[in-house]
Amino acid sequence: MPVLSAFISGSISIISMIGPHLKHSICLILSSLSVSTSRIPQIPPTTHRRHLDQNKLKSLPDIFFPPNTWLHILILSGNQITKLTAGNFANLDFLEELYLNNNKLTKLDLGMIPILASLRTLSLARNQIRTISVGALNLPKLEHLYLSENRLRMVANDTFSKLPNLLGLFLNDNEISHFQLGSFAGINNLTTISLVTHLNDCFPRVFVVDVEHQDK
């Protein structure tokens, strides 16, 4: 007798005697899945929204999501994640929102976040990120990037150059002391930038220089 077990809001929902006539109902039940556990259960590819926030996860398994996963929103905030690999997010071709805020990431290196072709919102706020390697963020459709309340001390040239559709960039409450001339190169559609911090008095000077440099 086939049995489907799903963790929904921390409890176990068991649906037994599943036949073809129940497939539609199952898809509706699993369209929004909330998990509260330190163990990660396998999730069917029909899940659209997945909550794994406020747990004790320190890492994620590679190739965790099955092919053709329909997931649009993945919430991993409030865990203890210290590292990422590209395999963690493999098969997420339809992912539009990824929340990794309130974890323990200390850097973003090449290969940690793959090219997620549909991603529009990425939150990495309230981690302990000190450095971002050039090319680590290669997300062609990203519109909003949250990096506030980290430990960034500088923004190197071309850090955001592979985010051509970025509209909002949030860098407030870091430890940034200076920007390079090409720190914001390639993000020509930017409409909102937040840099409120105790060191942001350097920004107007650098911003003016950067604008003049790009106009030449």
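Computed from a predicted structure; not experimentally measured. (Residues numbered from 1 in each chain as written. Predicted model: local features only at pLDDT ≥ 70, side-chain atom pairs only at ≥ 80, totals over all residues. Heavy atoms only, no water.)

## Considerations on the confidence of the model for the protein chain
Then, in step 1: Averaged over all residues, the pLDDT of the protein chain equals 77, while 70% of them reach at least 70.
Then, in step 2: In this model residues 1-38 is a low-confidence stretch, pLDDT under 50, and it forms 63 contacts with partners more than four residues away in sequence or in other chains.
Then, in step 3: A low-confidence stretch, residues 203-216 stays under pLDDT 50, and its non-local contacts, those more than four residues away or across chains, total 11 contacts. (pLDDT = per-residue confidence, 0-100. Contact = heavy atoms within 4.5 Å.)

## Side note on the packing of aromatic side chains
How two aromatic rings sit relative to each other is set out by the distance from centre to centre and by the angle between their planes.
Then, in step 1: Counted by the stated rule, this structure contains three aromatic pairs.
Then, in step 2: When the centroid spacing of 4.5 Å and the interplanar angle of 5 degrees are considered together, the rings of Tyr146 and Phe170 count as stacked. Here Tyr146 is found in strand S10 (residues 144-146), whereas its partner Phe170 is found in strand S12 (residues 168-170), with 24 residues between them in sequence.
Then, in step 3: When its relative accessible area of 18% is taken as the criterion, Phe170 is described as buried. (Phe/Tyr/Trp six-rings, centres within 6.5 Å; stacked < 30°, edge-to-face > 60°. Helix = DSSP H or I, 4+ residues; strand = E, 2+ residues; numbered from the N terminus. Buried < 20%, exposed > 50% of the residue type's maximum accessible area, 1.4 Å probe, protein only.)

## Notes on the side chain of Ser123
Then, in step 1: Mapped onto the elements of the fold, Ser123 is located in strand S8 (residues 121-123).
Then, in step 2: With a relative accessible area of 7%, Ser123 lands in the buried category.
Then, in step 3: Leave out the neighbours within four places in its chain, and Ser123 touches Leu98, Tyr99, Leu100, Asn101 and Tyr146.

## Focus on the nonpolar core
The tendency in soluble globular proteins is for nonpolar side chains to be buried side by side.
Then, in step 1: Of all hydrophobic cores here, the largest spans 43 residues; its most connected members are Leu145 and Phe160.
Then, in step 2: Excluding residues within four positions of it along the chain, Leu145 makes contact with Leu122, Leu124, Leu137, Phe160, Leu163, Leu166, Gly168, Leu169 and Phe170. (Core = buried A, V, L, I, M, F, W, Y, C linked by side-chain atoms within 4.5 Å.)

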